[in-house]
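Examining the three-dimensional arrangement
This is what each chain is made of:
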Amino acid sequence: MELIKTLPDIYEEFSEQRRNSFMAAFEMKEKNIPFVGTFCTYTPTEVIMAAGAVPVSLCSTSDETIPDAEQDLPRNLCPLIKSSYGFAKTQKCPYFYFADLIVGETTCDGKKKMYEMLGAMKDVYTMELPNRQSLMGRKLWREEVVALKEKLEEKFGVEITEEKLREQVKLMNKNRLSLRRFYELMKLDPPPMAGFNLFSVLYGSNFKFNRWEAIKEVDALTDRLLKEYEEGARPISKKPRILVTGCPIGGGAMKVVKAIEDNGANVVCYENCGGAKSVDELINEDAEDIYQAIADRYLNIGCSVMTPDNNRLNLMGRLLEEYKIDAVVEVVLQACHTYNVESYSIKKFVTERGIPYMAIETDYSTSDIGQLNTRCAAFIEML
Ligand code: BJ8
């Protein structure tokens, strides 16, 4: 008889998925399946998959390797960049080790320069990401998507046909729809799970290399949570509903989510990378020019490296309403200038709608946990 896993076991499995997939990655490498390391939501993963390679997000959210990184990089730099570089330098990220190619983009200045340094350790290919979502920007980004395809064809000795590409576009759209259906469960009030668990599933599902399997598992979890909720299960009590925005979180930065949830509120929505920002929009599968459709979908991502960053505000406005948000918490990683500066417009946008806003500047260390708890408790108490 097959034992039915408990929900905490399922959440735990997703949160350990990155680590649990090391072996699977090793076995795939043994079969000569190439791996392509990525760092950013702008990477058009469909093109990588159409080359028969596996895109994998590289380790970048722990302070473990920051002291090593600081031997080569300035201390006053975003922890995500220091962590990424540190993992590469110390070879502590198995996925970096397995990667045959790293694909980066010209996003923020620190990352751009880090990619140059990573080039001394691996084959690094940097795409020129325009900083404006303009007509010229769209043209350039389309050319960059085509250039990436050519790079992958040359690197792996394969042909990326339009048919293969369209197949992967369909698959990744299904993946997005599945994740969207899952996180939209949080529109329920009270939500059917803690925001911490929500993030573990969203993050962990990226590390299931068989996409079809990943979709199946997320769908099954969504169905189960929905069914149990309809039958009356309320694992989480009604509390103020928080939207988290800002820099990507995960790993060390999850301390902010923990502090929010330990101090009397529920995180019901992630606008940042790893959440809605990376999943919300689909690629137009029926577009005549599939390269332009891919380029448009990715370039539309509302990240602070864009100027102006209207798409971030558009998505935020929608999420505030759809998730009946009571307050917004912005996570700014130390020395991230674009998100730090943009927090002014985000605060204005949010508070103009009568919604309280708090910005938290932090890193991946545990040194500010006490202070985080105090600030979150005071903020939530006033809601
Ligand atoms: S699409 S959020 S993953 S660029 S590394 S900008 S925190 S200083 S990560 Fe990002 Fe792509 Fe945008 Fe998402 Fe700031 Fe640090 Fe730069 Fe960062």
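The preceding data block contains the structure.
The present account deals with the structure reproduced in this document. Computed from a predicted structure; not experimentally measured.

Rules of the game
- Residues numbered from 1 in each chain as written.
- Predicted model: local features only at pLDDT ≥ 70, side-chain atom pairs only at ≥ 80, totals over all residues.
- Heavy atoms only, no water.
- Helix = DSSP H or I, 4+ residues; strand = E, 2+ residues; numbered from the N terminus.
- Rg over C-alpha atoms; globule rule 2.2 N^0.38 Å.
- Buried < 20%, exposed > 50% of the residue type's maximum accessible area, 1.4 Å probe, protein only.
- Phe/Tyr/Trp six-rings, centres within 6.5 Å; stacked < 30°, edge-to-face > 60°.
- Lys NZ or Arg CZ within 6 Å of the ring centre and 35° of its normal.
- Pairing = 2+ DSSP bridges.
- Axes fitted to C-alpha atoms, helices over the stretch in contact; angles between N-to-C directions.
- Contact = heavy atoms within 4.5 Å.
- Polar contact = N/O pair within 3.5 Å; in protein donor to acceptor, adjacent residues only side chain to side chain.
- Near = heavy atom within 4 Å.
- Nonpolar A, V, L, I, M, F, W, Y, C, P; charged D, E, K, R; others polar.
- 1 Å grid on protein atoms, 1.4 Å probe; cavity = no way out; pocket = protein on both sides within 12 Å on 5 of 7 lines; lining within 4 Å.
- Points joined across faces, edges and corners; volume = space filled by probe spheres on them.
- Parallel < 35°, antiparallel > 145°, perpendicular 65-115°, else oblique.
- Left-handed = near helix turned anticlockwise from the far one by under 90°.

**Digging into the overall build of the protein**
Each helix and strand in the protein was counted, giving 18 helices and 8 strands. The C-alpha atoms of the protein give a radius of gyration of 20 Å, which matches the 21 Å a tight globule of 383 residues would have. The dimensions of the protein, computed from C-alpha atoms along their principal axes, are 60 × 55 × 40 Å. By residue count, 56% of the 383 residues in the protein fall in the buried class.

**Some remarks on the environment of T126**
Tracing the chain through its elements places T126 in strand β4 (residues 124-127). With a relative accessible area of 34%, T126 lands in the partly exposed category. Through-space distance from the C-alpha of T126 to that of V218 is 32 Å; in sequence the pair is 92 residues apart.

**A look at the packing of aromatic side chains**
Scanning the entire structure with this criterion turns up 11 aromatic pairs. Both rings, one in F39 and one in Y115, keep their centres 5.9 Å apart while their planes meet at 45°; by these two values the pair is tilted. With F39 in the loop between β1 (35-38) and α4 (45-50) and Y115 in helix α8 (residues 109-118), the pair connects residues that are 76 residues apart, well separated along the chain. Ring geometry for Y95 against F207: centres 5.7 Å apart, planes inclined by 25°, an arrangement best described as stacked. Here Y95, found in helix α7 (residues 94-98), pairs with F207, found in the loop between α11 (195-204) and α12 (211-230); they are 112 residues apart in sequence, far enough to count as distant. Residue Y95 is classed as buried on the basis of its relative accessible area, which comes to 0%. Among the aromatic residues, those joined into a cluster by ring pairs are F22, F26, F35, Y95, Y97, F98, F199, Y203, F207, F209 and Y270. Across from the ring centre of F14, 5.0 Å away, lies the NZ or CZ of K208, which sits over that ring.

**Considering the sheet that holds strand β3 (residues 101-105)**
Pairing is parallel across the open sheet formed by 4 strands, whose spatial order is β2-β1-β3-β4. Edge positions in the open sheet fall to β2 (54-57) and β4, since each of these has one partner strand only. The sheet shows a mean angle of 30° between the axes of neighbouring strands, taken without regard to direction. With 4 bridges connecting them, β1 and β2 associate as parallel partners. Residue G37 lies in a different strand from β2, and its bridge partner there is V56.

**Focus: the side chain of D280**
Summarising the element assignment, D280 is placed in the loop between α14 (276-279) and α15 (290-299). Looking at D280, the relative accessible area reads 17%, which means it is buried. Setting aside its immediate chain neighbours within four residues, D280 contacts R180, Y183, L315 and R318.

**Observations concerning the environment of D72**
Looking at the element boundaries, D72 is found in the loop between α5 (66-69) and α6 (79-90). Of the residues examined, D72 reaches a relative accessible area of 37% and is grouped as partly exposed. Through-space distance from the C-alpha of D72 to that of G86 is 9.3 Å; in sequence the pair is 14 residues apart. For D72, the side chain forms a polar contact with the side chain of K89, separated by 3.4 Å.

**A look at the site of the ligand**
The full set close to the ligand counts 16 residues, and C40, C108, C273, C303 and C336 are the nearest of them. Here the shell around the ligand is built from residues that sort into 13 nonpolar, 2 polar and 1 charged.

**Re the layout of surface pockets**
Of the pockets and cavities examined, the second largest pocket occupies roughly 640 Å³. Lining the second largest pocket are 29 residues, and of these S15, R18, R19, Y203 and G251 lie nearest its centre. If you list the elements that add at least two residues to the lining of the second largest pocket, you get α1 (7-15), α2 (17-20), α11 and α13 (254-262). No other element matches the 5 residues that α11 contributes to the lining of the second largest pocket. Along the lines of polarity and charge, the residues of the lining of the second largest pocket split into 11 nonpolar, 11 polar and 7 charged.

**Observations concerning the packing of helix α10 (residues 162-183) against α12**
At their nearest, the axes of α10 and α12 sit 9 Å apart, and the two run at 20° to each other. Considered as vectors, α10 and α12 are oriented roughly parallel to each other. Where α10 crosses over α12, the handedness of that crossing is left-handed. The residues of α12 that touch α10, namely those facing L171, M172, K174, N175, S178, L179, R181 and F182, are R211, W212, I215, V218, D219, L221, T222, D223 and L225. Tallied by class, residues from the contact of α10 with α12 come to 9 nonpolar, 3 polar and 5 charged.

**Some thoughts on empty space enclosed by the protein**
Inspection of the entire model under this criterion finds 1 cavity of 30 Å³ or more. Reported here for the largest cavity is a volume of approximately 40 Å³. In terms of lining residues, the largest cavity is bounded by Y183, L198, L202, V268, C269, Y270, G275, A276 and Y323. Residue assignment for the lining of the largest cavity shows that the elements contributing at least two residues are α11 and β6 (266-270). At 3 residues, the largest contribution of residues to the lining of the largest cavity is made by β6. Tallied by class, residues from the lining of the largest cavity come to 8 nonpolar, 1 polar and no charged.

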